[in-house]
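Coordinates in review
Next come the chains, spelled out residue by residue.
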Amino acid sequence: TPASAIAQGESPEQPQEDFALLTAVKSYLDSSGLTYTRQPTRNSDNNNNTVILSLTLNGHNSSYRTFIDIKAREQRVTVYVETPVKIPPSMRHAATEFCMRVNYTLAMGCLELDFRDGEVRYRMAVDVEGSTLSSEMIRTQIMVSAATVDRFFPGLMAVVFANQDTTTAMEQCRNAPAVSSGSAGEGIPSSGTSMSQ
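**Looking at the overall build of the protein chain**
- In terms of regular secondary structure, the protein chain is built from five helices and six strands.
- Going residue by residue from the N terminus, the α and β elements of the protein chain occur as α-β-α-β-β-β-α-β-β-α-α.
- Taking all 197 residues of the protein chain together, 48% fall into the buried category.
- Contacts spanning at least 24 positions in sequence make up 60% of the contacts within the protein chain whose residues lie at least 6 apart.

**Focus: the pairing of strand 5 (residues 110-113)**
- In strand 5, alternate side chains face the same way, and those of C110 and E112 on one face and L111 and L113 on the other are all buried.
- Sheet analysis places strand 5 next to strand 6 (residues 120-127), joined by four bridges and oriented antiparallel. Looking across to strand 6, one finds that L113 is bridged to V120.
- Counted along the chain from strand 5 to the antiparallel partner strand 6, the turn is six residues long, and its residue G118 has a positive phi close to 85 degrees.

**Notes on the packing of aromatic side chains**
- Across all of its chains, the model carries one aromatic pair by this definition.
- Measuring from ring centre to ring centre gives 6.0 Å for Y64 and F153, while their planes differ by 85 degrees; the resulting arrangement is edge-to-face. Here Y64 is found in strand 3 (residues 63-71), whereas its partner F153 is found in helix 4 (residues 135-162), with 89 residues between them in sequence. Exposure class is identical for Y64 and F153. Each is buried.

**Thoughts on the packing of helix 4 against helix 5 (residues 166-175)**
- The contact between helix 4 and helix 5 brings their axes to 8 Å, and the two run at 155 degrees. The angle between helix 4 and helix 5 places the two elements in the roughly antiparallel class. Along this stretch, helix 4 crosses helix 5, giving a crossing that reads as right-handed. Across the interface between the two elements, R151, F152, P154, G155 and V159 from helix 4 touch T166, A169, M170, C173 and R174 from helix 5.
- Across the contact of helix 4 with helix 5, the residue classes break down as six nonpolar, two polar and two charged.

**Observations regarding the state of the cysteines**
- Considering all chains together, one arrives at zero disulfides under this definition.
- The structure places no disulfide on C99, whose sulfur is separated from the nearest cysteine sulfur, that of C110, by 9.3 Å.
- According to the relative accessible area criterion, C99 is buried, its value standing at 1%.

**Considering helix 3 (residues 92-103)**
- For helix 3, which comprises twelve residues, the first-to-last C-alpha distance of 16 Å matches the rise-based estimate of 16 Å (1.5 Å per residue) to within 8%.
- For helix 3, the set of buried residues is R92, A95, F98, C99, V102 and N103. Buried positions in helix 3, seen along its axis, are confined to an arc of 135 degrees and lie on one side of it.
- On its buried face, helix 3 sits against strand 5, strand 6, helix 4 and helix 5.

Thresholds applied
Residues numbered from 1 in each chain as written. Predicted model: local features only at pLDDT ≥ 70, side-chain atom pairs only at ≥ 80, totals over all residues. Heavy atoms only, no water. Helix = DSSP H or I, 4+ residues; strand = E, 2+ residues; numbered from the N terminus. Buried < 20%, exposed > 50% of the residue type's maximum accessible area, 1.4 Å probe, protein only. Contact = heavy atoms within 4.5 Å. Pairing = 2+ DSSP bridges. Phe/Tyr/Trp six-rings, centres within 6.5 Å; stacked < 30°, edge-to-face > 60°. Axes fitted to C-alpha atoms, helices over the stretch in contact; angles between N-to-C directions. Parallel < 35°, antiparallel > 145°, perpendicular 65-115°, else oblique. Left-handed = near helix turned anticlockwise from the far one by under 90°. Nonpolar A, V, L, I, M, F, W, Y, C, P; charged D, E, K, R; others polar. Disulfide = S-S within 2.5 Å. Expected span 1.5 Å × (residues − 1). Arc of directions from axis to C-beta.

Written out as structure tokens, the structure is:
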């Protein structure tokens, strides 16, 4: 769970350029009107110069806890979008099959299931070493991650709680009308409003 792998704050001895990723992400979130909080952290993450911001995104099918994991030294930003339902132990293999079938069709990111507690989340990372993190890159990470989870969440629930066949559930989600908004053809998520704004 990303909330357990989060860093606390900038130390005074860290170079100013270490904060470029955090500044870019916060600037995008602020300009988009997204409400977020900075998470507490473990000491080991603080030593790795890691910061995680959290927010809640509201979709058409549910609301999703979202974490933006910013690792300055590794020059990597990872977005995690968690589904709101933990999968019961008896249905985790079926849920994993559903996730794998979905993943095979995706161009970016992936669904993953934690067998320890049944959490299902979507993960997308970008490595910006030697480059610059743009607002469009941040927007795409958040938008695609949240829209993908929202699109396939009903199918996951059908597999887990209605014993629907994984292939049928996936195809129904894929054939459902997509929310048309933004350059990626999906709705843009925001906190407190619908993804279809």
